Amino acid sequence: MVSVSLPKQIRGSFGAKLLSVMIFLIAALTMLFHLFLAQLQRSSHNQYITNTGIAMARVLAESITLDVFAENLHGMKAPVLAIFNQDDVLGVAVFNTNKELLYSRQKEENGKESHSWQQMIQSIGPAHPPQLTETEEAFVFRHPVFYSVSAEREEDLYFSNPEQMLDAENIGYVVLALSVKGKQGHMQEALSHTVFSTIVFLLLGVLLISLVVRRITSPLSSLLRKVRASAGIQDHEDDFDLLSKTFDSQFNELRETFTVINVLKEKLEKTNRDLAADIAMRQQVEAALRKRDHILAAVNHATAKLLESNEWIPFIKEMVDELGHQWQVGAIRVMKHHVDADGDVIADLQHEWISEEVRASIDNLKRRNLSYSKLGFESWLECFQKGEMVSGNSDDMSPAVRSWLDDRGVKSIALAPIMVEKKCWGFMSSATFDRRVDWPEPELDALQAAARIIGAAVHREDMTRELEGKRAQLAHAGRLTAMGEMASGMAHEINQPLTVINLSADACASYFKKNEPESPEAEASEDIRLQVKKIARIIDNMRVFSGRASGGMKFLNPAYPVQDALAFFRVQFRAHKIDLQEDISEDLPEVKTEAQKFEQIVVNFLSNARYAVDKRAETEDGLVRKVVVRLFHRTLSREQITSFGGDPEFFYSGQAIVLEVQDNGTGMDDTVKSRCLEPFFTTKDVGEGTGLGLSVTHGLVRELGFYLAMESRPDEGSIFRVFIPVKQGEHHV
Amino acid sequence: MKKVIFAITLCFCIVSTAAAYDIVVVKSRSAGPYEEMDRLVRAALLQELPASGQKSIQPHSITSFSLGEEDLPAVTERIQAASPDLIVAIGSKALQFTEKIEQTPIVYLLVPAPEKYVNNRDNVTGVRFGLSAQSQFNQLSRYIPGIKRVGVIYDPERTGDLVHQALFTLTDHELVALPANNPRDVPALLKQLQGRVDALWLVPDLTVINSVTLESYIHFSMENKIPVLAFAEKYLDKGAAIAVTVDKEAMAEMAAQVVSRIVRGADIKAIGSVVEAGRGKAVINRKITAKLNIVLTWME
């Protein structure tokens, strides 16, 4: 089967390469095996030479003991020669214990003795056991010569005592040199055997492999030949080529399999990495959640305390300290906003907690207040006003913020606005000084929750303070009511004598008018009568205001109650230097209403106007305080009616009587304007107002079926308008 | 009458208990010859000790110690505690061990040269280990007649007395005695004896007898066809032709007789520091005598 074209066929074939490797391996293994055998033979030969040399030296030592003992050179000649005549023995020597050569024989090489026995025996140590020294030319054996001392005492000479330990005395040495040529020849012979065996095994191996290959491929090649024969193909593919292709295809399949395995392995490793990252992330989240739980527990604890106490400052301090310990950050601060004289929003430090480590490591914490506009923190303020949090590392901040944070050693910070009634009261911050932090969502939630709690606490205190004011106003209103009651009673009591005085004054006036019309008494009686009328009108007004004189709904000209109300305030306004301008139209249709209630409406408006202009005059020197009261008839469009919430159906042909009270007082902003009609809402200081004026007025307006509208601007003044619908059937007078 | 006889018998028994002896046997070693001699002495003592008293009631106490096995101070304490009536020392070491005991009688055995241990001590006597030169040569002549000149190599320091005594006492033999101070001299001295002697006489001398010199003697014997007269049987295996030794049983019996005499009150000075065993025996290596072409007349 090994044809001439075999080298070309097997060149480049994987199977042929494999075959070459196997042949090489067989050759190498064979050589190694035989080298191992040669080494074994060498060791065995060395052992053999050693044993032989020692045995010969020992025999010689035993045989010449007596001659060495007596230094009988003649006697030791024969035993020495017997050993010396052996083939490999190069020389024999006998020494005494003084290392003096007693007898020696050496074989000459090239006319020279190859060994110096004296040097050799001196180079050997004094030890008694047999020794072997290997030189380039020979193995040199040395064996001591002993004689035994058989008796210790004279009586021992009589008995054979095998138990007795006999001392042995060294009386000389036997030195024997064996040639190494025998060994070298043996080694050469072993090497030759190795080479020969390697070649033989190599040939046998190649033959065996060829037979095996033929055995393996014979069914396949037979099948292939039959297939080719049936297909009419004549070319022949030999066994090596067939085996090579088979190997190549199997190798390719194996390589593809390994490729798939590698891909799967990489996917598995990627999955493991993702899983590990997921686990790490989950652990971080769990840790953050645990921390949040701790923080929320602290917040809850503080909240419980807050519910038990109205004071929020101690509660905030305790909560911030607890948060600091639980959160394990560097510092936690609570800042409150205020507006300075320049209109800038400033954050003032209310409370802070700083860890011991930060306190020890950072000398200057620089706890100055923070001005948003001056430091370039407007973006923070915008976020806070929208209720949004700010968090991040200093590196991620704007240059101005980063510089400010770096200057304070802050590496990372998270801030949550403190919102009170949808307004930013301040913020709460948490900062780290030793590490950068990617603030986890749970921790930010916890910070925000704490900020909300603080906001709720502040709001609660504001509400409490406001409630106390309302209570004071309510008490003031009560006192006013009692005063009204008392005034009503006093008016009733005064009215009777005043009637008598009036009648008497009339009688006197009639008398003096008839008898002495030019006399001072006539004039005095007339003054008495006028002043009594004035007193009677005042008493009537008090009775009306206290409600005792309520006459119920009836048609009347609304100018009269307005005039009555103005009568109260004209003197007051003059005393307060308030310019009261009256534009009261008398030509008005009568409307169905209650005069006292309408008058109370006017009184309340005027009272508020007086307070507003006085309040503004306190801050503006030279202000001309002015109050204008208008009452006029107007025809309104449908849109105008609906603009103040009126029902056009109630306005006959859009006709309305309009009462306007205008002042140039402090005015109201939108917030105050939106709340000014609420009961007990007031901008006045405690004790100055009840917060019920406009609320009662609004209630009276609605009770009488009127409509109220107002216009107001801060520091410009206010206009209160009451629209009195003129209904069908109400006639013009 | 019966009561009187019982009382007399009881008194006799009480008195007889005082006649039981405490004897201590001290051996140099526990090796075979010493053990054998211990056994023989015990047997002989039981035969020779005074028959007075009721042994069945109170036998003699014989206690043995081996110096090779036991702690010497402990043995000394035990011997002193036992306060024996007599000490039997078997071997030179045992005799040397008892040299500080002055009050207790001591009888030695198996001591080849007792003179240096006795040193005029009054309480020491013993049985000679070996036979006199005359006895040995008589035995030699008895089995191997015709021997006139006998060669001997000896160390004057060790066996000078023995050889000198032989020189004076031997009448039928001519003794060629060569002194040696070193074992290495032996081969050379043997050469001097070559052709001058009909036999070699080995004496118990540590200087001239060791494994190598013994080999020299045997070689000399073989080369010159002359027999070697040895003093112990063990040399027969080495190549000696005849060994004349003391009979051990005779030594034990003699020692027992000496002990018996001492315990009965005999004066040790009267006995002397050494007594002869009296009876010897000759053992012949017939293979050697055959190789030496020696005709054993007595055996024939």
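Residue positions are counted from 1 within each chain, in the order its sequence is given. Written order decides the labels, with chains lettered from A and ligands numbered from 1. Local features in this predicted model are restricted to residues of pLDDT 70 or higher, and side-chain atom pairs are both shown and tallied only at a pLDDT of 80 or more, whereas totals for entire chains, interfaces and linings draw on every residue.

As recorded in an unreviewed UniProt entry, chain B goes by the name ABC transporter substrate-binding protein, listed as coming from Candidatus Desulfobia pelagia.

The name recorded for chain A in an unreviewed UniProt entry is histidine kinase, from Candidatus Desulfobia pelagia. UniProt positions are given in the numbering used here, feature names are shortened, and annotations may be inferred rather than shown by experiment. Under the Catalytic activity (unreviewed entry) heading, UniProt states for chain A: "ATP + protein L-histidine = ADP + protein N-phospho-L-histidine."

Draft legend 1. Spatial organisation of the interface of chain A and chain B. Each side of the interface is counted separately: chain A has 19 residues, and chain B has 22 residues. Each helix is a run of DSSP H or I of at least 4 residues and each strand a run of E of at least 2, with the numbering of both proceeding from the N terminus. Broken down by secondary-structure element, the contributors of at least two residues to the side of chain A that touches chain B are helix H3 (65-70) and strand E6 (138-149) of chain A. The element best represented in the side of chain A that touches chain B is H3 of chain A, accounting for four residues. Of the residues in the side of chain A that touches chain B, the class split is nine nonpolar, six polar and four charged. Residues are defined as contacting one another if the C-beta atoms placed from their backbone atoms lie within 7 Å. Gly counts as polar in this scheme, as do all residues outside two lists: the nonpolar Ala, Val, Leu, Ile, Met, Phe, Trp, Tyr, Cys and Pro, and the charged Asp, Glu, Lys and Arg.

Draft legend 2. Representation of the nonpolar core in the model. Joining buried Ala, Val, Leu, Ile, Met, Phe, Trp, Tyr and Cys residues through C-beta atoms within 7 Å gives a set, and that set is a nonpolar core. Remark: C-beta atoms are placed from the backbone, and a residue is labelled buried if 20 or more other C-beta atoms sit within 10 Å of its own, exposed if 12 or fewer do, or partly exposed between those counts. One finds Val41, Val88, Leu109, Leu202, Ile242 and Ala255 of chain B to be the most contacted residues of the largest nonpolar core, which totals 88 residues. With eight residues, helix H11 (residues 248-263) of chain B is the largest single contributor of residues to this core. Split by domain, this core shows at least three residues from each of two domains, domain 1 (2-130 + 248-278) and domain 2 (133-245 + 282-291) of chain B. Non-local contacts of isoleucine 242 of chain B, meaning those with residues more than four positions away in its chain, are made with Leu140, Tyr143, Ile144, Pro227, Leu229, Ala282 and Ile284 of chain B. Counting 48 residues, the second largest nonpolar core, distinct from the first, contains Trp312, Ala414, Leu447 and Ala450 of chain A. Marked domain ranges trace back to an automatic or database domain assignment.

Draft legend 3. Fine view of the sheet that holds strand E13 (residues 423-432) of chain A. Residue and element names in this part refer to chain A. Read across the sheet, six strands follow the order E10-E9-E8-E13-E12-E11 without closing on themselves; strand pairing throughout is antiparallel. Each of the sheet's edge strands pairs with one partner strand only, and the pair in question is strand E10 (370-371) and strand E11 (390-393). Between the N-to-C directions of two axes lies an angle of 0 to 180 degrees, each axis being a line fitted to C-alpha atoms and, for a helix, fitted only over the stretch in contact. Across the sheet, helix H8 (residues 313-327) is in contact with strand E8 (331-339), strand E9 (345-354) and E13; its angle to E9 comes to roughly 60°. Where helix H11 (residues 378-385) meets the sheet, it contacts E9, E11, strand E12 (412-420) and E13, and its direction lies at approximately 120° from that of E13. Two strands make a pair as long as DSSP finds a minimum of two bridges between them.

Draft legend 4. Just the pairing of E13 of chain A, in detail. Residues and elements named next belong to chain A. For E13, a buried count of nine out of ten residues is recorded, marking the element as mostly surrounded by other parts of the structure. Pairing of E8 with E13, which is carried by six bridges, proceeds in the antiparallel orientation. Its bridge partner lying in E13, alanine 331 is registered against alanine 431. As defined by bridge partners, E12 adjoins E13 across nine bridges and the pair is classed as antiparallel. Bridge pairing in E13 links leucine 415 to serine 429. Where E12 folds back onto E13 in an antiparallel hairpin, the turn is made up of two residues, including glutamate 421, whose phi is positive at roughly 55°.

Draft legend 5. Structural detail: the sheet that holds strand E15 (residues 579-584) of chain A. All names here are of chain A. One open sheet accounts for five strands, arranged E15-E17-E18-E20-E19; its pairing is mixed. Sheet topology places E15 and strand E19 (707-713) at the edges, where each strand pairs with a single neighbour. Averaged over all neighbouring strand pairs, the angle between strand axes comes to 15°, with direction disregarded. One ladder, built from six bridges, connects E15 with strand E17 (residues 626-635); its direction is parallel. Across the sheet, residue leucine 580 finds its bridge partner in E17, namely valine 627. On top of the sheet, helix H15 (residues 559-575) reaches E15, E17 and strand E18 (655-663); it is set at about 165° to E15, its chief contact. Those strands touched by helix H16 (residues 595-619) are E17, E18 and strand E20 (717-725), and its axis lies near 25° from that of E18.

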